[in-house]
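Letter by letter, the chains look like this.
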Amino acid sequence: MTSISVIRKDITSLTVDAIVNAANSGLRGGGGVDGAIHAGAGPGLMNECATIIEKNGLCATGSAVTTSAGDLPAKWIIHTVGPIWGEEGEERSSLLLSSCYKSALDAASNLRADSVAFSAISTGAYGFPKRLAAPIAVSAVCSWLEAHQRAEAPSSIFLVCFDEENFRITKAVLDRLGPNNTPLVRTEGQ
Ligand code: AR6
């Protein structure tokens, strides 16, 4: 069984296998969680990011790539690029946000990561409304879990909220899902 938990923490402090960064398409670093992750990981991370961009070109919105985590306690960073609110219609933006979570879980599965912590993709500088983003995040994770074998899935998934509003909204979404809603998902707020 995979547990999905919402926690209010700085994602850079977490000792998990993989943390999911809210990056930009050029993996250039920036502010918000991306800035905190680059600051914590150290300058080697920027070099790894530049190598990926040189090799593959810009990262598509909704896709995910993996790097090491440098000086952070996590083992890996999965960088995903969320949609910028207002650039596409709501439906397309929602699909792209969902794709971020699913692509990141695909990457985590390839890494055999057993614990994965997500930042609240697109809900900061990219302006995705938090009340819309939280249910998309939860349902993307649940549908990914339902579509994959237990052996492919991490045991623990954390939805990391930095701000109180995101924490409250995300916890309410998980509470509505209910405990043991499916054989695969256990929910808990912290
Ligand atoms: N730990 C966990 N969550 C955090 C942290 C942290 N240390 N710091 C901020 N958040 P944002 P986006 C939350 O803006 O909207 C960057 O410059 C924050 O409260 O980091 O996807 C990139 O380079 C918010 O809920 O990411 C891109 O250019 C969430 O992280 C652009 O911003 C996401 O906010 C991406 O924008």
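Above: the structure in question.
First, a word on scope: everything that follows refers to the structure included in this document. Values in this document were obtained by computation on a predicted structure and should not be read as measured data.

Calculation rules
Residues numbered from 1 in each chain as written. Predicted model: local features only at pLDDT ≥ 70, side-chain atom pairs only at ≥ 80, totals over all residues. Heavy atoms only, no water. Helix = DSSP H or I, 4+ residues; strand = E, 2+ residues; numbered from the N terminus. Rg over C-alpha atoms; globule rule 2.2 N^0.38 Å. Salt bridge = Lys/Arg side-chain N within 4 Å of Asp/Glu carboxyl O. Buried < 20%, exposed > 50% of the residue type's maximum accessible area, 1.4 Å probe, protein only. Expected span 1.5 Å × (residues − 1). Core = buried A, V, L, I, M, F, W, Y, C linked by side-chain atoms within 4.5 Å. Contact = heavy atoms within 4.5 Å. Near = heavy atom within 4 Å. Polar contact = N/O pair within 3.5 Å; in protein donor to acceptor, adjacent residues only side chain to side chain. Areas by Shrake-Rupley, 256 points an atom, 1.4 Å probe, with all protein chains shown as cover. Nonpolar A, V, L, I, M, F, W, Y, C, P; charged D, E, K, R; others polar. Disulfide = S-S within 2.5 Å. Axes fitted to C-alpha atoms, helices over the stretch in contact; angles between N-to-C directions. Parallel < 35°, antiparallel > 145°, perpendicular 65-115°, else oblique. Left-handed = near helix turned anticlockwise from the far one by under 90°.

Summing up its helical and strand segments, the chain has 5 helices and 7 strands in all. Secondary structure elements in the chain, listed N-terminal to C-terminal, are β-β-α-α-β-β-α-β-α-β-α-β. Scaling as 2.2 N^0.38, a compact globule of 190 residues should have a C-alpha radius of gyration of about 16 Å, and the chain matches this with 15 Å. In terms of principal-axis extent, the alpha carbons of the chain reach across some 45 × 35 × 30 Å.

Attention now goes to the pattern of salt bridges. For the structure on display, the rule yields 6 salt bridges. A salt bridge links Arg8 to Glu164, with the shortest nitrogen-to-oxygen separation between them at 3.0 Å. Here the residue Arg8 occupies a position in strand 1 (residues 2-8), and Glu164 occupies one in helix 5 (residues 164-177), the gap between them amounting to 156 residues. On the basis of relative accessibility, which here comes to 43%, the residue Arg8 falls in the partly exposed class.

With that settled, consider helix 4 (residues 130-147). End to end, helix 4 covers 26 Å across 18 residues, agreeing with the expected 26 Å (1.5 Å per residue, within 8%). Residues of helix 4 that are buried include every one of Lys130, Leu132, Ala133, Ala134, Ile136, Ala137, Val138, Ala140, Val141, Cys142, Trp144 and Leu145, and no others.

Time to look at the nonpolar core. Ranked by size, the top nonpolar core spans 36 residues in total, and within it Tyr101, Phe118 and Val141 carry the most contacts. Taken together, the elements giving at least two residues each to this core come down to strand 1, strand 2 (18-23), helix 3 (90-111), strand 5 (115-119), helix 4, strand 6 (156-161) and helix 5. For this core, the element with the highest residue contribution is helix 4, accounting for 11 residues. Excluding residues that lie within four positions of it along the chain, Tyr101 makes contacts with Phe118, Ser119, Ala120, Ile121, Ala137, Ala140, Val141 and Leu159.

Bringing the environment of Leu96 into the picture now. With respect to the helices, strands and loops of the structure, Leu96 is situated in helix 3. Of the residues examined, Leu96 reaches a relative accessible area of 8% and is grouped as buried. Setting aside residues no more than four positions away along its own chain, Leu96 makes contact with Thr61, Gly62, Pro83 and Glu88.

Before going further, it helps to spend a moment on the site of the ligand. Taken together, 22 residues lie around the ligand, and Asn24, Val33, Asp34, Thr123 and Ala125 are the ones closest in. The separation between an oxygen atom of the ligand and a polar main-chain atom of Gly31 is 2.8 Å. When the free accessible area of the ligand is taken as 690 Å², the share hidden by the protein chains comes to 90%. In terms of residue class, the shell around the ligand is made up of 9 nonpolar, 9 polar and 4 charged.

Attention shifts here to the state of the cysteines. If you walk through the whole model with that rule in mind, you get 0 disulfides. Free cysteine Cys100: the closest other cysteine sulfur is in Cys59, separated by 11 Å. With no disulfide of its own, Cys142 lies closest to Cys161 among cysteine sulfurs, the gap being 15 Å. A relative accessible area of 8% places Cys142 in the buried class.

It is worth spelling out helix 5 at this point. Taking 1.5 Å of rise per residue, 14 residues should cover 20 Å, and helix 5 covers 20 Å from first to last C-alpha, within 8% of that figure. Asn166, Phe167, Ile169, Thr170, Val173 and Leu174 are the residues of helix 5 that are buried.

Right, let's talk about the packing of helix 4 against helix 5 for a bit. Close contact between helix 4 and helix 5 brings their axes to 9 Å; oriented N to C, the two are set at 45°. Classified by the angle their axes make, helix 4 and helix 5 are oblique. For the pair helix 4 and helix 5, the sense of crossing is right-handed. Residue-level contacts link Lys130, Arg131, Ala134, Pro135, Val138 and Cys142 of helix 4 to Glu165, Asn166, Ile169, Thr170, Val173, Leu174 and Leu177 of helix 5. A per-class count over the contact of helix 4 with helix 5 returns 8 nonpolar, 2 polar and 3 charged.

Interpretation note: all reported values are geometric properties and have no functional meaning in isolation.
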